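Spelled out, the chains give:
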Amino acid sequence: MSILEAAALGLFQGLAEFLPISSSGHLTLGQMFFNLNDVPMTLDILLHLGTLIAVFVVYWKKIFRMIAHPIA
């Protein structure tokens, strides 16, 4: 797998993350779309980790507020 293919999967992950389909499902669809056969599990994990980090970066204020004031 080339860097370009991994970047394309990362872009696909980022664009499709908030669609109402499974994260693993749209990665599988992306692999089928780009005709990728041997995608390492490590790449899937890193793509999910990148998504998690991006969500924390965007929503860090709300997450901090929910932790600091769980009932409000």
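Residues numbered from 1 in each chain as written. Predicted model: local features only at pLDDT ≥ 70, side-chain atom pairs only at ≥ 80, totals over all residues. Heavy atoms only, no water.

Observations concerning a nonpolar patch on the surface
Link 1 in the chain: Together, Leu46, Leu49, Leu52, Ile53, Phe56, Val57, Val58 and Tyr59 make up a nonpolar patch on the protein surface, roughly 770 Å² of accessible area in all.
Link 2 in the chain: Relative to the elements of secondary structure, Leu49 occurs in helix α3 (residues 41-68).
Link 3 in the chain: Classification of Leu49 as partly exposed rests on a relative accessible area of 42%. (Patch = residues over 30% accessible without salt bridge, like charges linked within 9 Å, V, L, I, M, F, W, Y side chains within 5 Å. Areas by Shrake-Rupley, 256 points an atom, 1.4 Å probe, with all protein chains shown as cover. Salt bridge = Lys/Arg side-chain N within 4 Å of Asp/Glu carboxyl O. Helix = DSSP H or I, 4+ residues; strand = E, 2+ residues; numbered from the N terminus. Buried < 20%, exposed > 50% of the residue type's maximum accessible area, 1.4 Å probe, protein only.)

Comments concerning the confidence of the model for the chain
Link 1 in the chain: For the chain, per-residue confidence averages 85 on the pLDDT scale, and residues scoring 70 or more make up 99% of the total.
Link 2 in the chain: The lowest-confidence element of the chain is helix α2 (residues 23-33), averaging 82 in pLDDT; the highest-confidence one is α3, averaging 89. (pLDDT = per-residue confidence, 0-100.)

Here's the deal with the packing of aromatic side chains
Link 1 in the chain: In the structure shown here, the tally under the stated rule is two aromatic pairs.
Link 2 in the chain: What links up through ring pairs into an aromatic cluster is the set Phe12, Phe33 and Phe34. (Phe/Tyr/Trp six-rings, centres within 6.5 Å; stacked < 30°, edge-to-face > 60°.)

Observations concerning the side chain of Thr51
Link 1 in the chain: You can see Thr51 is positioned in helix α3.
Link 2 in the chain: Looking at Thr51, the relative accessible area reads 14%, which means it is buried.
Link 3 in the chain: Look past the residues within four positions of Thr51 in its chain and what remains in contact with it is Gln13 and Glu17. (Contact = heavy atoms within 4.5 Å.)

Things to note about unusual backbone geometry
Link 1 in the chain: Positive phi, close to 55 degrees, is recorded for Asn35, a residue that is not glycine.
Link 2 in the chain: By the secondary structure assignment, Asn35 is in the loop between α2 and α3.
Link 3 in the chain: Under the relative-accessibility criterion, Asn35 is labelled exposed at 61%.

Concerning α2
Link 1 in the chain: Residues of α2 that are buried: Ser23, His26, Leu27, Gly30 and Gln31. Angularly, the buried residues of α2 cover 145 degrees about the axis, an arc narrow enough to put them on a single face.
Link 2 in the chain: Among the structural elements, α1 (3-16) and α3 are those in contact with the buried residues of α2.
Link 3 in the chain: Two residues or fewer after α2 comes Asn35, characterised by a positive phi angle close to 55 degrees. (Arc of directions from axis to C-beta.)

A closer look at the packing of α1 against α2
Link 1 in the chain: It is at 10 Å that the axes of α1 and α2 come closest, and there the two elements cross at 140 degrees. The pairing of α1 with α2 is recorded here as oblique in orientation. Of the two possible hands of crossing, α1 and α2 adopt the one that is right-handed. The segment α1 lies against α2, with Leu9, Phe12, Gln13 and Ala16 engaging Ser23, His26, Leu27, Leu29, Gly30 and Gln31.
Link 2 in the chain: For the contact of α1 with α2, the residue count by class is five nonpolar, five polar and no charged. (Axes fitted to C-alpha atoms, helices over the stretch in contact; angles between N-to-C directions. Parallel < 35°, antiparallel > 145°, perpendicular 65-115°, else oblique. Left-handed = near helix turned anticlockwise from the far one by under 90°. Nonpolar A, V, L, I, M, F, W, Y, C, P; charged D, E, K, R; others polar.)

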